[in-house]
Amino acid sequence: MAAQEIESGTTWGKELWDQFDNLATHTQKGIDFFERFGNFIRDRSAIEVEYALKLRRLVKNYQPKKNKEDEENEFSSLIAFKNVLKEVADLAGQREVVAENLQNQVLQGIMLLAKNLRDERKKALNQGAGLTQSLHTQIGTLDRAKRSYEKAFREAEKAIEGYHKADADFHLSRADVEKQRVNMNIRNSQSEDAKSEYANQLQITNKQQQQHYQIALPEVFNKLQELDEKRTRGMKEFIKRAADVEYEVSPIIARCLEGMVKAADSINEKDDSMIVIEKYQSGFQPPGDIPFEDLSKPDPDASNNSQTHNSSTGLNHMTGKGTTKDKLKKRVGIFGIFTGNKNNLTTDGLKEDFSDLPPTQRRKKLTAKVQELQQKVAQEQAASDGLMKMKGVYEANSMLGDPRTVEEQLNESVSRLDRLRQELLRYQKLLEQANNQTFIQHSPQSNRVTQNGQRSSRHSNGSSNHENSHEDNGEDHPDDAGSLSRSASESSVQQAQNGLNINNNGSSASPESGLGTSHTSLPGSGQGSTNEQPMNEEYYEAETPLGTCRALYPFDATSEGSIPMSEGEELQVIEVDQGDGWTRVRRFSSKGWEEGFVPTSYIECTLYA
């Protein structure tokens, strides 16, 4: 651009030939302004960094605290807010990118260009000052030559005038006249020499002045014009580059904003309401109607019935804070035999068997605990199998290592595995109790008949006997039709104790090892052998199957606890493979419900979501 202007004739050297000082001042101000623009970019970059830092601090301050229980059932609004915080953190990252690019691509370029412009300006001004000084020196020489010529010319005129006066004066001798003539000639000669010198210096000065104002100084001015235009172009380019830095991150910022909108759209108020129900549902039934007490008719049983009703009402009454805070006594029934263990408090202040929680919340906690223990058993079983393989390798080749070094670790692993299995069995029994209690409370046999505020039990003869009705002391007693015999309970206790006798070698190749104990099996069912009397069908309705499976090959039950199956047969999955190669299934046959183990490799499972 500057070259085109120079060629076209609109240049500083031609138009501003006499504005050296003004051009020097203008270029200095231009560079100062350019550096001020660089300071603007620097301060803006600092603001971007500070903005990003404050955004990150904002995200950190409003980050919801992690809660393991809440993570299981998080509200959609909370999940959306977490996603919004992530997008804001990404925005902070983009602001940091903007600040970094402004510093590296804009500010550094401005500082470098400003330094180069200052150097070029200094060089051009020094060159112009040198040319001007040379011209002024030549003009000074010309002035001195001119003054010498003027002096010599006046002295020559004075000598000529003296000679003419002497020549006209007859009183002077010839010698005096000759002396005046010689002096006149000398002065004339000096005047001519001064004249010649003056003419010569004048010619040199004119030539240098012409060279100075037409060639040398215009070149300097053109250099100043070129660097000033370079500074202007740099200003233009760096402003555009600063805008490009914003453009480069704008798609990502747009995606962050889209993510926020998407997070907002993901909020579902109905799902959040269902989570509240799932989180706080106690499982208790609302209290029944309060009976009318006619004091005018004395009734010997009225006081007992009133106490019974008040006890039941007081137990089931829900406060405004919800039943999760009340230490309500829940029905244990015949399955209370499994809760004789120590009941210490967990880290969250709950009992180990979660008996201080309402039924629904207790089942959730027990289910999560069973799943956690199953995972730990699988991990420990894998570690034990690895140690066993390592021991076998060492025994086969003693060069690789000493088997005794692995034996101690293997024993510790087996011991941990036994403890985990025992704890898993314990919580499976507790979950069975909770599930069976729920089944009994909601089964058709447990329908309550209320007469005059009294609850009667339905006996085998179908009549209601008020005299034999159970006194409700805060426990829900099962009806006779839905209860199990004491002998069956004792049998289940004995089988549960037998199920804890696990081999210390850690072997789990068959159902007898105890790994296959289902968390949904019922007390008294033993190991589900086909030789046992099938249980009541209504109790199996309380067990929710995990899915279904189809037999790929026929299987003959050859060990205790397993059941046979034919190819293509459909069965219900009660418990998935725990790592021992066996799956617990259930089927309905002519004998009733049968439950037992089948090889996992013989079936194709389809689990429910």
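The structure this text deals with has already been given above.
Residues numbered from 1 in each chain as written. Predicted model: local features only at pLDDT ≥ 70, side-chain atom pairs only at ≥ 80, totals over all residues. Heavy atoms only, no water.

A. Summary view of the overall build of the protein chain. When its secondary structure is counted, the protein chain shows 12 helices and 7 strands. When contacts within the protein chain are restricted to residue pairs at least 6 apart in sequence, long-range pairs at least 24 apart make up 73% of them. For the protein chain, the accessible area works out to roughly 36300 Å², and carbon and sulfur atoms hold 51% of it. (Helix = DSSP H or I, 4+ residues; strand = E, 2+ residues; numbered from the N terminus. Contact = heavy atoms within 4.5 Å. Areas by Shrake-Rupley, 256 points an atom, 1.4 Å probe, with all protein chains shown as cover.)

B. Main features of the packing of helix α5 (residues 76–168) against helix α6 (residues 174–265). Taken N-terminus to C-terminus, the directions of α5 and α6 make an angle of 175°; their axes are 6 Å apart at the nearest point. By the angle between their directions, the pair α5 and α6 is classed as roughly antiparallel. Split into classes, the residues belonging to the contact of α5 with α6 amount to 47 nonpolar, 25 polar and 19 charged. (Axes fitted to C-alpha atoms, helices over the stretch in contact; angles between N-to-C directions. Parallel < 35°, antiparallel > 145°, perpendicular 65-115°, else oblique. Nonpolar A, V, L, I, M, F, W, Y, C, P; charged D, E, K, R; others polar.)

C. Spotlight on the pairing of strand β6 (residues 592–599). In terms of burial, β6 is a largely internal element, 8 of the 8 residues being buried. Where strand β5 (residues 582–589) lies against β6, 8 bridges are found, and the strand directions are antiparallel. Each residue of the ladder has a partner; that of R586, found in β6, is E595. Between β5 and β6, which pair antiparallel in sequence order, lie 2 residues. (Buried < 20%, exposed > 50% of the residue type's maximum accessible area, 1.4 Å probe, protein only. Pairing = 2+ DSSP bridges.)

D. Seen up close, α6. With 92 residues, α6 ought to run about 136 Å at 1.5 Å a step, and its terminal C-alpha atoms sit 132 Å apart, in line with that. Along its length, α6 reaches its greatest deviation from straightness, about 50°, at H212. (Expected span 1.5 Å × (residues − 1). Bend = angle between axes of the 7 residues up to and from the residue.)

E. Region of interest: the sheet that holds β5. Ordered in space as β6-β5-β4-β3-β7, the 5 strands form an open sheet in which the pairing is antiparallel. Strands with a single pairing partner mark the edges of an open sheet, and in this sheet they are β6 and β7 (603–607). Strand-to-strand, the axes of this sheet are offset by a mean angle of 35°, without reference to chain direction. Summarising the sheet, strand β3 (residues 547–551) and β7 pair through 5 bridges and their orientation is antiparallel. By the bridge assignment, C549 is partnered in β7 with C605.

F. Here's a closer look at the pairing of β3. Burial along β3 is one-sided: the face carrying G547, C549 and A551 is buried and the face carrying T548 and R550 is not. Judged from the 4 bridges that link them, β3 and strand β4 (residues 570–575) form a sheet pairing that is antiparallel. Looking across to β4, one finds that T548 is bridged to Q572.

G. Expanded view of the environment of R421. By secondary structure assignment, the location of R421 is in helix α10 (residues 403–442). On the basis of relative accessible area, R421 is assigned to the buried category, the value being 4%. As for R421 and K376, which are separated by 45 residues in sequence, their C-alpha atoms are 9.3 Å apart.

H. Spatial organisation of the packing of aromatic side chains. With the rule as written, the count across this model stands at 9 aromatic pairs. Seen in terms of ring centroids, Y149 and F153 are 6.2 Å apart; in terms of plane orientation they differ by 40°. Their pairing is tilted. Here the residue Y149 and the residue F153 both occupy positions in helix α5, the gap between them amounting to 4 residues, near one helical turn. The buried category is assigned to Y149, whose relative accessible area is 18%. Between Y553 and Y602, the ring centres sit 5.7 Å apart and the planes meet at 80°, which makes this aromatic pair edge-to-face. With Y553 in the loop between β3 and β4 and Y602 in the loop between β6 and β7, this residue pair connects regions lying 49 residues apart in the sequence. When its relative accessible area of 30% is taken as the criterion, Y602 is described as partly exposed. (Phe/Tyr/Trp six-rings, centres within 6.5 Å; stacked < 30°, edge-to-face > 60°.)

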